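Chain residues, written in single-letter form:
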Amino acid sequence: MRFESSFKIAGRALRRNKMRSVLTALGIIIGVGAVIAMVSIGNGAKAQVEQQIASLGENVILIFSGSVTSSGIRTGWGSAGTLKIEDADAIRREVPGVTAVSDEVVSTSQVSAGNQNWFTRIYGESPEYFDIRQWPLSDGAIFTPQDVRSANKVCVIGRTTATQVFGSESPVGQVLRIKGVPFLVTGVLTPKGLSPQGTDQDDIVIMPYTSAMKRVIGGTTLRGINVQVSSPNDLAPAQQQITELLRQRHNIRPGRDDDFTVRNQEEIAEAATSTSRVMTLLLGAIASVSLVVGGIGIMNIMLVSVTERTREIGVRLAVGAHGRDILTQFLIEAVTLSSIGGIIGIVVGLTASQLLSALAHWPTLISISSIVVAFLFSAAVGIFFGFYPAREAARLDPIEALRYE
Amino acid sequence: MAANHAVVSLEEVHKTYHTGEVEVRAVRGVSLGIARGEFVAIMGSSGSGKSTLMNLLGCLDRPTSGRYLLDGEDVSGLDRDQLADIRNQKLGFVFQSFNLLPRTSALENIELPLLYGRQRLTSAELEEKARKVLATVGLAGREDHHPSQLSGGQQQRVAIARALINDPEVILADEPTGNLDSRTSAEIMGIFQQLNDRGITIVMVTHEADIATCAKRNILMRDGTVQSDEPVAHRFLAQSNQT
Ligand SMILES: Nc1ncnc2c1ncn2[C@@H]1O[C@H](COP(=O)(O)OP(=O)(O)OP(=O)(O)O)[C@@H](O)[C@H]1O
Ligand SMILES: [Mg+2]
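Rules used throughout
Residues numbered from 1 in each chain as written. Chains lettered and ligands numbered in written order. Predicted model: local features only at pLDDT ≥ 70, side-chain atom pairs only at ≥ 80, totals over all residues. Heavy atoms only, no water. Phe/Tyr/Trp six-rings, centres within 6.5 Å; stacked < 30°, edge-to-face > 60°. Buried < 20%, exposed > 50% of the residue type's maximum accessible area, 1.4 Å probe, protein only. Pairing = 2+ DSSP bridges. Helix = DSSP H or I, 4+ residues; strand = E, 2+ residues; numbered from the N terminus. Contact = heavy atoms within 4.5 Å. Axes fitted to C-alpha atoms, helices over the stretch in contact; angles between N-to-C directions. Salt bridge = Lys/Arg side-chain N within 4 Å of Asp/Glu carboxyl O. Near = heavy atom within 4 Å. Polar contact = N/O pair within 3.5 Å; in protein donor to acceptor, adjacent residues only side chain to side chain. Areas by Shrake-Rupley, 256 points an atom, 1.4 Å probe, with all protein chains shown as cover. Nonpolar A, V, L, I, M, F, W, Y, C, P; charged D, E, K, R; others polar. Domains from an automatic or database assignment. Buried area = accessible area lost by both parts, 1.4 Å probe. Parallel < 35°, antiparallel > 145°, perpendicular 65-115°, else oblique. Left-handed = near helix turned anticlockwise from the far one by under 90°. Patch = residues over 30% accessible without salt bridge, like charges linked within 9 Å, V, L, I, M, F, W, Y side chains within 5 Å.

Here we look at the packing of aromatic side chains
Enumeration according to the criterion identifies 5 aromatic pairs over all chains in this entry. Taken together, a centroid distance of 6.0 Å and an interplanar angle of 80 degrees make the contact between A:Tyr129 and A:Phe130 edge-to-face. The class for A:Tyr129 is buried, based on a relative accessible area of 2%. We classify A:Phe130 as buried; its relative accessible area is 6%. Measuring from centroid to centroid gives 6.0 Å for B:Phe93 and B:Phe95, while their planes differ by 10 degrees, and the two rings are stacked. Since its relative accessible area comes to 13%, B:Phe95 is described here as buried. Taken together, the ring pairs connect A:Tyr129, A:Phe130 and A:Phe143 into an aromatic cluster.

And the structure:
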């Protein structure tokens, strides 16, 4: 039909007003750019969280003392002190598929060497802990089962703690005083970075749990137990059996709540990634608002231009344009502006996300789907916000339009 | 069709405007025949209904009552789009204020009616046609000038070229020299007379008696009716081909 003429006409009209066309498209450029950049930040954060979850180790089940009551109030993981060393031993002995178990106690404390002080987290663990978390040493050696049995004053420290207390010196073989007690540093861990919750995992001192209970923390209960099973298929049955075993050992009658919490790695990953998924959605939604604002900008400019070009429309109608031709022309103008804006916006968004990851070291991940969606959305914005002004133009009466001052 | 067949034929045409309570009878029972090849000037005091009549003749508006036959076809009952097609194919408009698209070259302005025509032409064909017509109004070499780079007379020539591009039956001009000085007006009249010599029918509104004598027939309007309608006794032949 007359469609290709309409393209020619709209193209000429846009070229006639280059500056205005550019400014109109700018709203969409910023909107689409923001969507692409924001979604890439959200996706980058999600990917990082997933990587951090993987750093927990493979096929891991975590048991915490304390539980969620039936009324939904959580007594706090690790707060109630219901897990015993014997519980860990029982799991080691009785649950099939279990390959490693580490008793865990946790505290924070001031540590010092020479005149350097540092406040850090103290973890009491079994030697298996390093296997379960897939956390090798960069220097020295881990403590032994013998150290656990004898509650020896030995420890392994994280990279952050090492540099804070010992600076550039090698900590291995040196003495670290924890609550005044001298511990021999046997090894330094490889750096692991931030946890999903955002804490520095390398700011840590890990010692035999027996030493921690006897010499640093006191008390006889565990905060938790880390368990590793041999394959993902073992996770669910092992989790089930651990729950039954612990209920039995803690004499919990049927119908009463557990006084402990069992979580497998997948559940933890689910919780953590859902947070970052919400963040991605939120960022995308905020950026979409600017895209809508850009669309309103198009509508505004198109309405102004319909008024301003009333005489032009009158001339077109006089020389034989149908209302439909005017409608198509203005719609094509709007959609052209918004889709060119969309394409430039994609380039801007990609550049922005590259810059963010290069300069600000934010993790970003560009997804093809966000690019496609942003482009289609920008074209749709053009149609949606261009339609009303275009219809106004198409309805003009030729005589009145020609007489318009 | 015979050469003296009426291109334009109005039968008891009325046009009444309703603005709120007030009723304005702008055209009250005009019957008129204009044969092919005529050159008609419509005169009359302000408000006598000349522009209203021109809008009816130009199919920009529909009569309240009466019949309008254009080239033998009754157009009084056609809808918006059908009227648009008639305007595109059979009519050419020249306005007092030129009404060229701003920031658009002379060529593209002239091509405008072709873009809404029946034929699908390539850009090259459009340009070719527009160049030819521009040359007939004496503006060869000004193809790429924008309206702001042309004098009033030159702009009006571009507008005439635009009116000519679809080979219309009738050219309708409402005060085409209203914005021009007398010398330029004479040039435009010269072009009109040339076109008329080629057989194109021209209907024009003017306030100036000397411009009216360039036509072959003068119609005087008063209060929406035709008061007098007579041939021009001493026709003034304007010099043309001046640029
Ligand atoms: N759209 C309209 N609505 C209402 N009344 C109108 C409209 N157009 C014209 N009129 C009225 O119709 C009458 C004729 O107007 P018209 O424009 O035809 O006069 P004209 O002869 O062209 O005058 P001029 O020489 O000043 O151009 C006037 O009284 C005018 O006020
Ligand atoms: Mg008038």
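Here the narrative resumes, following the displayed structure.
Digging into the sheet that holds strand S2 (residues 22–35) of chain B
Residues and elements named next belong to chain B. A sheet is described by the order of its strands in space; here 4 strands give the open sequence S2-S1-S4-S5, paired in antiparallel fashion. Both edges of this open sheet fall to S2 and strand S5 (73–74), since each of them pairs with a single strand only. Packing of helix H1 (residues 50–57) onto the sheet brings it into contact with strand S1 (6–19), S2 and strand S4 (65–70), and relative to S1 it is tilted by some 125 degrees.

Thoughts on the pattern of salt bridges
Residue and element names in this part refer to chain B. A complete count under the given rule lists 29 salt bridges over all chains for this structure. When the shortest N-O distance is used, the salt bridge between Glu38 and Arg217 registers 3.0 Å. Within this pair, whereas Glu38 is found in the loop between S2 and strand S3 (39–44), its partner Arg217 is found in strand S9 (residues 217–222), the two being separated by 179 residues in sequence. As far as the burial class goes, Glu38 and Arg217 line up, both buried. For Lys90, the salt bridge identified is with Glu73, shortest N-O distance 3.7 Å.

Things to note about the site of ligand 1
Taken together, 15 residues are adjacent to ligand 1, and B:Ser46, B:Gly47, B:Lys50, B:Ser51 and B:Thr52 come closest. Bordering ligand 1 are residues originating from chains A and B. The separation between an oxygen atom of ligand 1 and a polar side-chain atom of B:His207 is 3.0 Å. Isolated, ligand 1 exposes 630 Å² of accessible area, and the fraction of that covered by the protein chains is 68%. Contributing elements (two or more residues each) for the shell around ligand 1: S1, S2 and H1 of chain B. A total of 3 residues in the shell around ligand 1 trace back to one element, the largest contributor, which is H1(B). Of the residues contributing to the shell around ligand 1, the split by class is 3 nonpolar, 9 polar and 3 charged.

Looking at the domain arrangement of chain A
Each domain of chain A was delimited in the assignment, giving domain 1 (3–52 + 272–403) and domain 2 (83–249). One C-alpha centre belongs to domain 1 of chain A, the other to domain 2 of chain A, and the line joining them spans 55 Å.

What about the interface of chain B and chain A?
Where interface size is given, it is often the accessible area lost as the parts come together that is meant. Facing the 29 residues of chain B at the interface are 31 residues of chain A. Across the interface of chain B and chain A, roughly 2600 Å² is buried in total on both sides, 50% from carbon and sulfur atoms. Ranking the residues of chain B by area buried against chain A places B:Arg80, B:Leu115 and B:Tyr116 at the top, with a combined share of 27%. A salt bridge links B:Glu111 to A:Arg12, with the shortest nitrogen-to-oxygen separation between them at 2.7 Å. If you look at where chain B meets chain A, you find 15 residue pairs in polar contact (both at pLDDT 80 or more). Broken down by secondary-structure element, the contributors of at least two residues to the side of chain B that touches chain A are helix H2 (80–90), helix H3 (106–115) and helix H4 (123–136) of chain B. In terms of residue count, H2(B) provides more of the side of chain B that touches chain A than any other element does, 6 residues in total. Tallied by class, the residues present in the side of chain B that touches chain A amount to 12 nonpolar, 7 polar and 10 charged.

Focus: the side chain of A:Thr280
All names here are of chain A. Inspection of the secondary structure assignment puts Thr280 in helix H9 (residues 265–308). Taking relative accessible area as the criterion, Thr280 reaches 11% and is therefore assigned buried. Excluding anything up to four places from it in sequence, Thr280 contacts Val39, Gly42 and Asn43.

A word on the pairing of S4(B)
Residues and elements named next belong to chain B. With 5 bridges connecting them, S1 and S4 associate as antiparallel partners. By the bridge assignment, Glu11 is partnered in S4 with Arg67. The pairing of S4 with S5 spans 2 bridges and is antiparallel. The residue of S5 that forms the bridge with Leu69 is Asp74. Linking S4 back to S5 in an antiparallel pair, the connection comprises 2 residues, with Asp71 at a positive phi of about 55 degrees.

Structural notes on the packing of helix H2 (residues 18–54) of chain A against helix H12 (residues 368–394) of chain A
Residues and elements named next belong to chain A. In the contact formed by H2 and H12, the axes pass within 10 Å of each other and the chain directions differ by 155 degrees. With respect to each other, H2 and H12 are oriented roughly antiparallel. The handedness of the crossing between H2 and H12 is right-handed. Along the contact surface, H2 presents Ile28, Val32, Val35, Ile36 and Val39, while H12 presents Ser370, Ile371, Ala374, Ser378 and Val381.

Let's talk about a nonpolar patch on the surface
Residues and elements named next belong to chain A. Together, Met19, Leu23, Leu26 and Ile30 give the surface a local cluster of nonpolar side chains, amounting to about 410 Å² of exposed area. Structurally, Ile30 can be placed in helix H2. Its relative accessible area of 51% is what places Ile30 among the exposed residues.

Observations concerning the sheet that holds strand S10 (residues 225–231) of chain B
All names here are of chain B. Across the sheet, which stays open at both edges, the 6 strands sit in the order S6-S7-S8-S3-S9-S10 with mixed pairing between neighbours. The sheet is open, and its two borders are formed by strand S6 (91–94) and S10, each paired with just one other strand. Each strand axis lies, on average, 20 degrees off the axis of its neighbour in the sheet, ignoring direction. Bridging between S3 and S9 involves 5 bridges; their strand directions are parallel. The residue of S9 that forms the bridge with Val40 is Arg217. Along the sheet, H2 makes contact with S6 and strand S7 (170–174), crossing S6 at roughly 80 degrees. Seen against the sheet, helix H5 (residues 152–164) touches S6 and S7 and runs at an angle of roughly 170 degrees to S6.

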